[in-house]
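Listed below, chain by chain, are the residues.
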Amino acid sequence: MKTNIGISDKHLIRSAGLLSEILSDEMILYVKTRKFHWNVSGESFLELHKLFESQYKQMELSIDLVAERMGKLGQKTPGTMEEFLQLGSLKESPGKYATSKDMLKELLLDHENLVVVLRRSVSQIAGKINDAGTADFLTGLMEDHESTAWVLRRYQE
Ligand SMILES: [Fe+2]
């Protein structure tokens, strides 16, 4: 049945399109954070192993909310790695194993990039598209990534 929530079909598709890009970046960063959780080593092993676990667990919850938000707009949600890698802007490093210092730096840059993507999306969605619910939801998500970036930035000297 048609989604009738005061947003035109064109704008529902546009809003969901932005959500699919965010979902893809969240999935890429989620997988990367798990990889780092599994492979981190060195003096701060246990601290970083636990830190990365808390970060991917938080993202796991957000990912579900982003995906279901697309459904609330009446759109299908992509659910394959192939699509996530195509739609997302973050990059993976297959076969490479960073030092703990480089893991922290790479995660920081990815969370910051995601904040930039989210900020841009919020302004488009709150503006012309006029999808207040999605804009509000993505604003909260942006703040979560700002907090994670703040923690990761504290490890930089
Ligand atoms: Fe684990």
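Just above sits the structure.
Before going into details, it helps to say that this report is about the structure given with it. Numbers given for residues are sequential positions, taken from 1 along each chain in its written order. Totals for whole chains, interfaces and linings use all residues, but because this is a predicted model, local features are given only for residues with pLDDT of at least 70 and pairs of side-chain atoms are given and counted only at 80 or more. With hydrogens and water set aside, each side-chain value is computed from the structure's full complement of heavy atoms.

Secondary structure elements are taken from DSSP: a helix is a run of H or I of four residues or more, a strand is a run of E of two residues or more, and numbering for both begins at the N terminus. Helices and strands together make up the secondary structure of the protein, namely 5 helices and 0 strands. In terms of overall size, the protein behaves like a compact globule, its C-alpha atoms giving a radius of gyration of 17 Å where 157 residues would be expected to give roughly 15 Å. By principal-axis analysis of the C-alpha atoms, the protein measures approximately 55 × 30 × 20 Å. Looking at the protein as a whole, 42% of its 157 residues are labelled buried. Within the protein, contacts between residues separated by at least 24 positions form 80% of all contacts whose residues are at least 6 apart in sequence. Note that the radius of gyration is over C-alpha atoms, with the globule rule given as 2.2 Å times the number of residues to the power 0.38. The classification of residues rests on relative accessible area computed with a 1.4 Å probe and restricted to protein chains. Under 20% of the type maximum is buried, over 50% is exposed, and intermediate values are partly exposed. Should any heavy atoms of two residues lie within 4.5 Å, those residues are counted as being in contact.

With that settled, consider the packing of helix 2 (residues 45–72) against helix 4 (residues 100–126). Packed helix pairs are characterised by how far apart their axes lie and by the angle those axes make with each other. Orientation is described by lines fitted to C-alpha atoms, with helices fitted over the stretch in contact, and by angles between N-to-C directions that extend from 0 to 180 degrees. Two numbers describe how helix 2 lies on helix 4: the axes approach to 12 Å, and their chain directions differ by 20°. Classified by the angle between their axes, helix 2 and helix 4 sit roughly parallel to one another. Crossing geometry of helix 2 relative to helix 4 is assigned as left-handed. For the pair formed by helix 2 and helix 4, the contact residues are Leu48, Leu51, Phe52, Gln55 and Met59 on the first element and Ser100, Met103, Leu104, Leu107 and His111 on the second. Reported orientations rely on four angle classes, namely roughly parallel under 35 degrees, roughly antiparallel over 145, roughly perpendicular from 65 to 115, and oblique for the rest. Crossing handedness follows the turn of the near helix against the far one: under a right angle anticlockwise gives a left-handed crossing, and clockwise gives a right-handed one.

On to the pattern of salt bridges, then. By definition, a salt bridge exists where a carboxyl oxygen of Asp or Glu is found within 4 Å of a side-chain nitrogen of Lys or Arg. All told, the structure shown has 7 salt bridges when counted by the stated rule. The salt bridge involving Lys57 is made with Glu53; its shortest N-O contact spans 3.0 Å. Highlighted residues: Lys57 and Glu53, both in helix 2, separated by 4 residues, approximately one helical turn. Accessibility expressed as a relative area gives 45% for Lys57, which makes it partly exposed. The class for Glu53 is partly exposed, based on a relative accessible area of 24%. Note that Asp131 is salt-bridged to Arg69, the shortest N-O span being 3.8 Å. Of this pair, Asp131 sits in the loop between helix 4 and helix 5 (132–153) while Arg69 sits in helix 2, placing them 62 residues apart in sequence. Of the two residues, Asp131 and Arg69, neither departs from the other in class, the shared state being buried. Because the salt bridges share partners, they merge into one network encompassing Lys32, Glu106 and Asp110.

Before going further, it helps to spend a moment on the nonpolar core. Soluble globular proteins tend to bury their nonpolar side chains together. In terms of nonpolar packing, the biggest core is built from 43 residues, with Ile22, Leu23, Phe52, Val66, Leu118 and Leu138 touching the most fellow members. Of all the elements in the fold, those that place two or more residues in this core are helix 1 (9–39), helix 2, helix 4 and helix 5. The greatest single-element share of this core, amounting to 11 residues, is contributed by helix 1. Once residues lying within four places of it in the same chain are set aside, the contact partners of Leu138 are Leu19, Ile22, Leu118, Ser121, Val122 and Ile125. Definition used in this section: a nonpolar core is a set of buried Ala, Val, Leu, Ile, Met, Phe, Trp, Tyr and Cys residues joined via side-chain atoms within 4.5 Å.

What follows concerns the environment of Leu152. Positionally, Leu152 belongs in helix 5. In this structure the C-alpha to C-alpha distance between Leu152 and Leu51, which are 101 residues apart in sequence, comes to 9.7 Å.

This paragraph deals with helix 5. Every α-helix winds through 3.6 residues per turn, so residues three or four apart in the chain are directed the same way. An expected span of 1.5 Å times one less than the residue number is assigned to each helix. Between its terminal C-alpha atoms helix 5 stretches 31 Å, which fits the 32 Å expected from 22 residues at 1.5 Å a residue. Among the residues of helix 5, Thr134, Ala135, Phe137, Leu138, Leu141, Met142, His145, Thr148, Ala149 and Leu152 are the ones counted as buried. Angular distribution of buried residues about the axis of helix 5 spans 160°; they occupy a single face of the element. Along helix 5, exposed side chains directed more than 90 degrees from the buried face belong to Ala132 and Asp136. To obtain the arc, one takes the directions from the helix axis to the C-beta atoms.

Just distances and angles here, no functional claims.
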